[in-house]
Amino acid sequence: EGGAGFRRNAKDGSTRVRLALLGKGEPRLDFTMEQDGRSVASLGLSPDGWPDLRLSGKEGSARSSVMFVDGNPRVLLEDKEGKANALLAAASEKPSLILYKDGKPRAGLALDGLDLVNAEGQHRARVEIMESGEPRLSLKDKDDRRVLSLSVEALPNKEVPLLAMYDEKDLLRAGLNLDESGRPNFIL
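Overview of the structure.

Along the chain, the regular secondary structure elements total zero helices and 17 strands. The 188 residues of the chain split such that 28% are buried. At a minimum sequence separation of 6, the contacts of the chain that also span at least 24 residues come to 3%. Summing over all exposed atoms, the chain offers an accessible surface of approximately 12300 Å²; the carbon and sulfur share of this is 58%.

What follows is the structure in structure tokens.
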């Protein structure tokens with residue numbers, strides 16, 4: 001970080017508070033607890049003019065940040081290696097919570113459903129409420145194609161369960177359900 005600043009030193013000569021203007025003129029206020037000058041709390045403005053708050057562990061370990069992205073607030077939690085563990089985003093069109101493992105997204109919860117992601121970043125399972133209001137569990141292959149789903153389908157007179165299997169074009173190829181009178185149907 002660069003720019004001019006104001007420093008207030010402790011009796012031992014260490015910098016405890018620093019107020020600075022960074023590269024593009026954005027202000028930043030840093031608080032330190034250790035003589036090595038590591039910041040444990042920082043409040044400032046991003047280059048876009050949005051406020052952000054960063055808190056770090058006393059030993060420089062885990063960090064949490066509250067910031068804005070495209071005008072929407074976000075909370076980011078990182079482990080002591082600096083890898084993201086959780087992100088809470090409050091976007092008006094799609095608020096979400098994303099959980100990470102080893103710095104990679106593994107699960108995402110949004111208003112339209114829950115996605116489970118493998119270690120390679122591929123979406124493999126989804127639980128959702130469809131536009132009709134009915135629930136569905138979908139399992140996907142490594143190419144992100146739905147291969148199996150379990151859902152409740154709205155028929156004209158009532159809701160019925162449907163277990164369905166899909167081809168590579170997402171077309172229903174086999175299924176098992178109950179008709180409106182409760183009789184089992186096998187679909188091919």
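Here we take up the packing of aromatic side chains. For the structure on display, the rule yields one aromatic pair. Ring centres of W50 and F68 lie 5.1 Å apart, and the angle between their planes is 20 degrees; this geometry places the pair in the stacked category. Note that W50 is positioned in the loop between β4 (39-45) and β5 (51-56) and F68 in strand β6 (residues 63-69), a separation of 18 residues in sequence. For F68, a relative accessible area of 30% gives the class partly exposed. For R146, the ring lying beneath its charged end belongs to Y166, and the centroid distance is 3.8 Å.

Quick look at the layout of surface pockets now. What the largest pocket holds in volume is close to 190 Å³. As for the largest pocket, its lining consists of 15 residues, of which I98, G108, L109, D115 and H123 are closest to the centre. Residue assignment for the lining of the largest pocket shows that the elements contributing at least two residues are β9 (96-101), β10 (104-110), β11 (113-117) and β12 (123-129). It is β10 that provides the largest number of residues to the lining of the largest pocket, a total of five residues. Within the lining of the largest pocket, the residues separate by chemical class into seven nonpolar, four polar and four charged.

Relative to the helices and strands, E128 resides in strand β12. Given the relative accessible area of 15%, E128 is considered buried. What E128 contacts, discounting residues up to four positions off in sequence, is D112, G113, E134, P135, R136 and S138.

Moving on to the pattern of salt bridges. In total, this model carries 14 salt bridges according to the counting rule given. Put simply, R126 and D112 hold a salt bridge, and the shortest N to O gap is 3.3 Å. One end of the pair, R126, is in strand β12; the other, D112, is in the loop between β10 and β11, with 14 residues separating them in the sequence. Using a relative accessible area of 12% as the deciding quantity, one classes R126 as buried. According to the relative accessible area criterion, D112 is partly exposed, its value standing at 33%. Through salt bridges that share partners, D112, D115, R126, E128 and R136 make up one connected network.

With that out of the way, let us pick up the environment of A86. Mapped onto the elements, A86 comes out in strand β8 (residues 84-89). Those residues within four positions of A86 in sequence are excluded, and the remaining contacts are V75, L76, L77, I98, L99 and Y100.

Cut-offs and rules
- Residues numbered from 1 in each chain as written.
- Predicted model: local features only at pLDDT ≥ 70, side-chain atom pairs only at ≥ 80, totals over all residues.
- Heavy atoms only, no water.
- Helix = DSSP H or I, 4+ residues; strand = E, 2+ residues; numbered from the N terminus.
- Buried < 20%, exposed > 50% of the residue type's maximum accessible area, 1.4 Å probe, protein only.
- Contact = heavy atoms within 4.5 Å.
- Areas by Shrake-Rupley, 256 points an atom, 1.4 Å probe, with all protein chains shown as cover.
- Phe/Tyr/Trp six-rings, centres within 6.5 Å; stacked < 30°, edge-to-face > 60°.
- Lys NZ or Arg CZ within 6 Å of the ring centre and 35° of its normal.
- 1 Å grid on protein atoms, 1.4 Å probe; cavity = no way out; pocket = protein on both sides within 12 Å on 5 of 7 lines; lining within 4 Å.
- Points joined across faces, edges and corners; volume = space filled by probe spheres on them.
- Nonpolar A, V, L, I, M, F, W, Y, C, P; charged D, E, K, R; others polar.
- Salt bridge = Lys/Arg side-chain N within 4 Å of Asp/Glu carboxyl O.

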